[in-house]
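# Close look at the chain arrangement
Given next are the chains, with one letter for each unit.
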Number of protein chains: 4
Amino acid sequence: MVQSCPEASPAKWHLAHTTWFFETFVLREYLTGYQPCDPDFLWLFNSYYNDVSNQPEKKIRASFSRPGIDAVLAYRQHVDDAIAQLDQRGMSPQAAERIELGIHHEQQHQELLCYDIKHALWTNPLHPAYAEGGKFQSSASPPRWLDFTGGLTEIGHAGEGFAYDNESPRHTVFLQPFALASRAVTCAEYLAFMEGGGYTRPELWLSEGWDTVNAQQWNAPLYWRKLDGVWMLYTMRGIVPLSEMDATPVCHVSYFEADAYARWAGKRLPTEVEWEAAVAERVPAVPANANMLESGQLHPMAAPDAELDQVFGDVWEWTRSAYLGYPGYRAPAGALGEYNGKFMVNQMVLRGGSAVTPRSHIRSTYRNFFSPAARWQLAGLRLAQDTSQESGATQPSRHGGKISK
Amino acid sequence: MVQSCPEASPAKWHLAHTTWFFETFVLREYLTGYQPCDPDFLWLFNSYYNDVSNQPEKKIRASFSRPGIDAVLAYRQHVDDAIAQLDQRGMSPQAAERIELGIHHEQQHQELLCYDIKHALWTNPLHPAYAEGGKFQSSASPPRWLDFTGGLTEIGHAGEGFAYDNESPRHTVFLQPFALASRAVTCAEYLAFMEGGGYTRPELWLSEGWDTVNAQQWNAPLYWRKLDGVWMLYTMRGIVPLSEMDATPVCHVSYFEADAYARWAGKRLPTEVEWEAAVAERVPAVPANANMLESGQLHPMAAPDAELDQVFGDVWEWTRSAYLGYPGYRAPAGALGEYNGKFMVNQMVLRGGSAVTPRSHIRSTYRNFFSPAARWQLAGLRLAQDTSQESGATQPSRHGGKISK
Amino acid sequence: MVQSCPEASPAKWHLAHTTWFFETFVLREYLTGYQPCDPDFLWLFNSYYNDVSNQPEKKIRASFSRPGIDAVLAYRQHVDDAIAQLDQRGMSPQAAERIELGIHHEQQHQELLCYDIKHALWTNPLHPAYAEGGKFQSSASPPRWLDFTGGLTEIGHAGEGFAYDNESPRHTVFLQPFALASRAVTCAEYLAFMEGGGYTRPELWLSEGWDTVNAQQWNAPLYWRKLDGVWMLYTMRGIVPLSEMDATPVCHVSYFEADAYARWAGKRLPTEVEWEAAVAERVPAVPANANMLESGQLHPMAAPDAELDQVFGDVWEWTRSAYLGYPGYRAPAGALGEYNGKFMVNQMVLRGGSAVTPRSHIRSTYRNFFSPAARWQLAGLRLAQDTSQESGATQPSRHGGKISK
Amino acid sequence: MVQSCPEASPAKWHLAHTTWFFETFVLREYLTGYQPCDPDFLWLFNSYYNDVSNQPEKKIRASFSRPGIDAVLAYRQHVDDAIAQLDQRGMSPQAAERIELGIHHEQQHQELLCYDIKHALWTNPLHPAYAEGGKFQSSASPPRWLDFTGGLTEIGHAGEGFAYDNESPRHTVFLQPFALASRAVTCAEYLAFMEGGGYTRPELWLSEGWDTVNAQQWNAPLYWRKLDGVWMLYTMRGIVPLSEMDATPVCHVSYFEADAYARWAGKRLPTEVEWEAAVAERVPAVPANANMLESGQLHPMAAPDAELDQVFGDVWEWTRSAYLGYPGYRAPAGALGEYNGKFMVNQMVLRGGSAVTPRSHIRSTYRNFFSPAARWQLAGLRLAQDTSQESGATQPSRHGGKISK
C-alpha cells in the first residue's frame, strides 16, 4: 500500500494496472464476449490514458485499501484465464502484438516496482533491507577512451523484433567524431567530485540544477547519508559503507548531477545518437548476465574489463539528449498513442538498462526517459568528449582530467 | 496502511501508538526490569511528545509497511502481558493513574480511528461502506429555547472521577443570561441555509472562513455530494440520500460553517461556559445509549424530544470559545504536560460527544478542540442567543428566525 | 509601490484607501449630489468590505503603478474638498460619527504604514535607514510585581468618547487574583531567553509555535541578525547593536515567542481582562508622550520607573486572550459591520499602544489583534502570574525566576 | 517598481542591470583606475552571474525602492561617462567586443522590458493602455507550403558579424525533406482551434501541457478574455476585440499551446534546424521594417504576401527543438560563460524575432529560448510537415487540414 514519493506507486497498484492493460487493450478489443472482472476497474486502474477513461489522481493510489489484495489477485486470475481462452481460440496477429506490448509494459512496471519498493523501505524510519546476500565488485580498472569517427549514421529501430513507437523511424543523422568512456563512472570517482566541492560550486551546474541542489539541499546522490563521518549507502540489502562500493557504478543521480560531474571532469555526457551508434558498432549482443536481479544481484556491478561491454544491465546512463520524437515520428492513433508520445518535453533520454531491467527488455535502440531532477530510478552516467580536429583530438596528453587513460 | 488526509493516521499506527503510550508512561516508569519489545519503537510510535524523543514526521505514518501488522499485534501482546504482570505484583496509585490515563488516551484514538477509516473509505474511488444496517431517525421536532439566568457560576472538573488536566481548575465565572436550543441543528435545517445562499454570501462568514470556502471550494459539509441534482451523503454504511437523513444532526461541518449557519439563523453559538453551565443544571447524567457505535448505530441520530438530553452521543458541538487554559491552569511537568497544554492556540472548543465517542469517555466538563477549518471529525452545532434585557429577552415574538418555538 | 510581505501594503495604497473610506462611508451616503472622483476607485481601493464591492486581490496592490501618485493626491484633494463642503452645509450627527470613524481608521493606517515602510526598507538589500537621530533608553530598573485582588469587575467601553464596536458592550467578569509586572520585557531580558536555548527547547513552545520556529527558521525576533558574532537590530534609524538597546522593550516578537518567553520565565502572559482591569485601577490617563513618532523618537523606549505608567506608547503587548466578541456583541449591520467582527477567530488580543500609535488613538479599552505568528507589527510583552491562595500568593520567595523583585 | 509575474523585472531594475553589465564586464576589466559608482551595485544589480558575486533573490527586485530612479540615472551617467573615457583613450579589441556584447545584452533587456511593462499594465485592475494609435493588418492570405529537400546542411553562426556563443560552432546536420508554411498562424486560425475544443481535448496535448492547462485553467492565450460573450485581447494600446485582429499572428501562447495547435491541425512545429535552413535558403536579409516598435507599431502584424518574408519581426516562433548545446559547444570560461550555457535544459528554442525585438538584434542563426509554459513573451508559431516519400509527399490533396493551399 505504500507510496512513498510522487513518482512511486504501491505494489498492489502495479499488479492491478498491468492486469488492466491486458484487459483493456487485448481482451476488450479481441476476445468476443469477454466479461470484465469489474466495470469500475476500467477507470480505477487506468494510469494516464485519457482516451480510455478518466483516471483517479495518482496521489490517491495509496488509498486503494479496497479492492484488497485478494480481489486484485482474483482480477489477475480472471484476466489470465481470458488470455488463455483467447490463445486457445486462436488469435489475430493484431491481438498477439497487443499481448507482446502488454508483456513489455509489464516489464517496465517490474522495474518500477523495484524502484518503488526500495524507496518505500528507505522511507520507513527503520530502513529495512529488501533481501540479504550478494556481493559488490571489489575493484574497477581505469576507463579507456574509445574513439568513433562519426559521419553519416543510421539510428533507430529496424527489423523484426519488438520495439516501442518512439524508437522509430530509423533515420540518418550526421555525427561529429567523438570518444566514449569504456565504463560508467564509479562511486569512488563520484566521491572525488563531492570532495572537490561538487555540490557547492555553482559554475559546475546548469542553472535549474543549481536551484534544485539548493531547494532540495542535495549534497550527495539519493540514498547516501553521512553517519558519524562515514558515507553510507542504502541498498536493497540494507545500509552499506561506501568503501565497499567504490568500484560500483554510481547511481541514483539526477541528470543535473550527471551533467555537473561531467563538467567537473572536463568532459561531457554523450548524446543518445552517439551512444546508440557506438554500441551498434562495438557491442554485438546483450550479454547473458544483463539482469542482475535474475542473477541474484541486487545492485549495479562494476564492469568487467572489456570493450564497452558493460553498457547494459548495471545503470541507465543519462545522455545530454532531450526526449523528442525522431524525424518522421507520429504517435499511433488512439489510446496507445499516449504510451510514449505525450511525454516528449522536459525529459532527458537514458540509454542502456539497469540491474533490475528484465533481460529481454534491453536493446540498443531503447529510449528510456526521465525528468532531469528524478533520482529514484537506477541512473548513472558515462563520459564522452569531442574529438574533432578543431577542438583537439583524443591525444593521450589531453586525457588528464579526472579519468586516467 | 491508508492515511487519506493530513489529520488522519493508519489503523495500524493507532494500535501501535496506544500500545506505546502504555509502554512509555506505565511500564518504563513503574515495572521494574521491564524489557522493551523493540528499542526503536520508543521513537517510532511517538506522536508528539518532544520530551520523550524525536518523532517521525506524521506524513510518513503511511510508510510503516514495516513493522507489519503481526509485529504490531505481538507488540500489543508484549505490553498487555507486562501490564498484567504489573497488576499481579501490585502497583502504586501513580501507576494505576497512568493506566487510567492510558485507557482514556486509547478511547480518544478509538474515536479518531473511526474518523480516519471513514475518510479513507470515502477517499477510495469506490466509496465502499464500512458496514451494513442501522437506521436514521425519521423526524425531529422543532427545537425549543431553554432559558438560563446566568450570574456567578462554577465550571470545570471537581471531585473524584477521571478528568484531563485542561478541565481544571474548577473556577468561578460570571455569566450573562442566555438561551440554548434544546437540540442540535439537523441536516434539513442546514440544507435550508445552503439553499439560502449560505456558501455564496460573504456577509455570513468570518473573513478566514470565507477565504477557506473559496480556497477549498466548499459548497456543503464534508461527505456531501450532489449527484444528478440530488444531495447524497457518504456515511459509514455507504452513500445515502439526504432525504433519509433530514432529522439527523448535521455533522462534518467546520467551525466556520457552524458560525456562518448561526449568523444566518440570527443566533450565535454558545460559549463553552454556557454549555457546561446549562448541562450541569439540566442534564443529570450521561444516558445509557450515548455511544451509538456500541449500540449498533453508525451515524449521529436525531434527538428524542426531551429537555437538552441529547447533548451527548450524537455530534460534538462547536462552541464560540477558543481553546485556552482555565485561570490557574498549569500544564503538568514532563512529557505528559504536552498532552493538552501545548495546543492552546488557534483551536476552538467543542462540547458533548459523538456517536463514536466511547460512553465512559463522555462527561459534561470535557473539552474537545479542533482547528476551526477541520471537518473530518463528527462535529455539528447547537444554537444559543442572548436574553439580557438590553438586547431583548426571549419573547415568543422574537423567535421567528430559523428555529420555531 | 513596495509591498514587501503579505501583511504589508504600498504607501500609495494606504493613502488611496483611507481616502476611499471617507468617500464610501461619508460622501456617498451623506453629501447630496456628490460626484465620485473616479467610479473605478470604489472597488479599486476597497480593502475587505464585501458588502461594498468586490476587491482586487491584496497581492496585486504592488501593481498599482496606475493611478500614479499624482492621481492619488488629486483623489485626496477631491475628497477633502467634498468633506469641507459637507461641513459647510452642516451635517447630521450620523455623518459626523462617520467622519470620526474615518479619522480613527486613518490613524490605524498611519501606524500600519510605519510597519510597512520599516519592513520595505529592511527587505531592501541595502537596509537604508528611515531617518537619523533619536536615542534609546540607556537602562531599565528591574520590574516590580503589582498585585490585584480580582473579583467582579467591569470591562469594555462606556461613556462618551469614541470606541470601536468590539470594545462593547461593557460587561461584568469575575477575575481571580493576579499580579502584573510593572514594565514590559526588555531586549536584554529576551536575549537571556535566547541564550538559555529559547529557540531550541520545544517544551517552552506551543505546538504550533514550535512548528513555526522550525518552518521559518526563527532564532531571534524579526529584524535581529547576528553579524560577526554580534547581535544587530534593524531599526527605523538603521542597524544598531543590541548592546545599545538593552533597556528597550523587546518588540517584533510573535505571540508564540511571547508565550514561550513567559513559560521560560515561569510566568504567563496576562489576559486582556486582567490587563484592562489593572490599567483602569492604576493608570488614570494616557500620558502626553505616548506617541514617540510625534516626539521624534523612532523606536520603543524603556519605561520610566513609575507604577504601570508605561503601558501605552512603546509596544503593543500580547495577551493570552483570543480575539472574540464580548458577551452581547453584535457586529453592526452593513459594510461597517465588517470592520472588526469578521476577524474574530485565530487572532490574539494585544493591548496598550506602540511608539507609532497616534496618541489620540490610545485608550485602555482598545483591543488590537493579530495572528499569533505575525511579527512585523510593534509587539512585545509584559508578564503576569497567578496569586490565588491555592497556587501560592506572590510572596517574595516565589519571585526568583527571571524577574527580580 | 512593478514586478507583476516571476518572469518580469521592474523597469528601473532593467536600467540598472544593463548599466551594471557594462560596469562589470567592460569598465572593471578594461578601464584602468575606474572608480565604481557604488560598491554595493556590483552584487545588487547582478542577475545570475554566480562567478561575479552572490545576487539578491529575483523576487525582491520589486523592493528596490532604494536606490531611487535618480540614483539609477546617475549610475547610468557615471558608466556612460567612463565608457566615453575608455573610447577616448583608445581600447583593445577585447574591450570593444565586450561593449558590443553589452549592447546586445541591452537589446535583449529592451525587449524584456516591453514584455514586463505590458504584463504590469495588464495586471493593474484598470488595464491601462501603453500607447494610443497603430493599426492591425486587416486580412491575411491563406498560407502556402514551401518544400525543402533536406540532405546535408550546415547551420550555426559563421563569418564576421556578432553572434552569441550558443550559435556556434557552425556544423553539419542531415535533414529529412520537409515543408514549411509561408506565414505564422493567425488569431482567427487559433480561434478555430479553440472553438474546436482545443483546450478541452487531452489527446491534443503533451501530458505536461495538459496538466498545465488544468492547473492554470487556461482556455485561451495570455491576454485573451471573453467579455459578454466576445473575445477581447489586451494589447499595448488597450483592450481590442479579437475581430479586429483576425489576420494578426497569434501570440502569447506557450510551447504547449503551439504544439497542441499543430497536432490539432494535423501538422507539427518545425525543428530549429529546419527553420534555419529554410530561412538561409529563401530569405536573403532582415527586412527594414522588422522592428515594429521602431516603426510605430505596437503589436505583431500579419505577413505581407511574400515567400517566407515575414519570418522576422512579428512573433518569435516556437520550434520543437529543445535548447541544447551544438556539437562541439563549450561555454566560455568565467562569468560570461554563464550567459547562455547554463540554461540548456527544460527550455525550447524559438526562432525569428518579435515586434519589439530591435532590428539589429535579429538574425537567422539566433537561438531564443523559453520554458515551455512561458507565455508573457511575444511567441507564436508556424507549421511544418514531413514530406519524405514514406509519409506521403506534399501533394495538394493532402493539404486540406486547417491550412488552405
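Let me begin by describing the structure that accompanies this report.

Each value, and the rule that gives it
- Every chain is numbered independently, its residues counted from 1 as its sequence is written.
- Both sets of labels track the order of writing: A upward for chains, 1 upward for ligands.
- Local features are withheld for residues below a pLDDT of 70 in this predicted model, meaning they are given only at 70 or higher, and side-chain atom pairs are given and counted only at 80 or more; totals for whole chains, interfaces and linings count all residues.
- Neither water nor hydrogens contribute to the side-chain values; these are computed over all heavy atoms in the structure.
- Working definition: helices are DSSP H or I runs of at least four residues, strands are E runs of at least two. Numbering for both runs from the N terminus.
- By the convention used here, residues are in contact when the closest approach between their heavy atoms is within 4.5 Å.
- Each accessible area is a Shrake-Rupley result for a 1.4 Å probe, and residues are judged covered by the shown protein chains and nothing else.
- We score Asp and Glu as negative and Lys and Arg as positive, and we do not count His or the chain ends.
- A charge is said to be at NZ when it belongs to Lys, at CZ for Arg, at CG for Asp and at CD for Glu.
- A residue counts toward the fit only if its pLDDT is at least 70 in both copies, and the copies are then superposed by least squares on the C-alpha atoms of those residues.
- By nonpolar core is meant a set of buried Ala, Val, Leu, Ile, Met, Phe, Trp, Tyr and Cys residues that side-chain atoms within 4.5 Å join together.
- Partly exposed residues are those whose accessible area sits between 20% and 50% of the maximum for their type, while under 20% is buried and over 50% is exposed, using a 1.4 Å probe and protein chains only.
- Only the stretch in contact is used when a helix axis is fitted, and all axes are lines through C-alpha atoms; the angle between N-to-C directions ranges over 0 to 180 degrees.
- Each angle gets one of four labels, with under 35 degrees taken as roughly parallel, over 145 as roughly antiparallel, 65 to 115 as roughly perpendicular, and the rest as oblique.
- It is the rotation of the near helix from the far one that decides the hand of a crossing: anticlockwise by less than a right angle makes it left-handed, clockwise makes it right-handed.
- Being paired, for any two strands, means DSSP has found at least two bridges between them.

Scanning chain A for helices and strands turns up eight helices and twelve strands. Counting only C-alpha atoms, chain A reaches 70 × 55 × 40 Å along its principal axes. Across chain A, every contact between residues at least 6 apart in sequence was considered, and the portion connecting residues at least 24 apart equals 78%. Working note: accessible area of chain A is about 15700 Å², and carbon and sulfur atoms make up 50% of it. One way to put it: in chain A the 34 positive side-chain charges average out to a point 4 Å from where the 45 negative ones average out.

We now examine the relation of the copies chain B and chain C. For these two chains of identical sequence, chain B goes onto chain C by a turn of 180° and a shift of 0.0 Å along the axis, with RMSD 0.0 Å. Expressed as an axis order, the relation between the two copies is that of a two-fold axis. If distances are taken from each C-alpha of chain B to the rotation axis, the shortest is found for B:Asn346, at 2.4 Å. Interface overlap between copies is the fraction of interface residues in one copy that are interface residues in the other; for chain B against chain C it reaches 97%, indicating a shared surface.

With that settled, the discussion passes to the arrangement of the chains. At no point do chain A and chain C touch; the closest pair of C-alpha atoms across them sits 14 Å apart. Here chain B and chain D are not in contact; the least distance found between their C-alpha atoms is 14 Å.

Moving on: the nonpolar core. One finds A:Phe193, A:Trp224, A:Trp318, D:Phe193, D:Trp224 and D:Trp318 to be the most contacted residues of the largest nonpolar core, which totals 199 residues. In terms of nonpolar packing, the next biggest core, distinct from the first, is built from 198 residues, B:Ala16, B:Trp264, B:Leu378 and C:Trp318 among them.

Residues and elements named next belong to chain B. Where helix H1 (residues 11-30) contacts helix H3 (residues 69-89), the axes come no closer than 10 Å and their chain directions differ by 30°. Taken together, the axes of H1 and H3 lie roughly parallel to each other. Note on packing geometry: the crossing formed by H1 with H3 is left-handed. The residues of H3 that touch H1, namely those facing Lys12, Leu15, Ala16, Thr18, Thr19, Trp20, Phe22, Glu23, Val26, Leu27 and Tyr30, are Ile69, Val72, Leu73, Tyr75, Arg76, Val79, Ala82, Ile83 and Leu86.

Bringing the sheet that holds strand E5 (residues 224-227) of chain A into the picture now. All names here are of chain A. With respect to topology, three strands assemble into an open sheet ordered E5-E6-E7, the strand pairing being antiparallel. At either end of the open sheet lies a strand with only one pairing partner, and these are E5 and strand E7 (238-241). Here the strands of the sheet are splayed against their neighbours by 35° on average, with no regard to which way each runs. Alignment of strand E6 (residues 230-235) against E7, held across four bridges, turns out to be antiparallel.

Below, the discussion takes up the sheet that holds strand E8 (residues 316-322) of chain B. Residues and elements named next belong to chain B. As summarised here, the arrangement of the four strands in space is E10-E9-E8-E11, forming an open sheet in which the pairing is mixed. Each edge of the open sheet carries a strand with a single partner, namely strand E10 (368-370) and strand E11 (379-380). Of the strand pairs in this sheet, E8 and E11 are connected by two bridges, and their pairing is parallel. Residue pairing across strands places Glu317 opposite Gly380, the latter belonging to E11.

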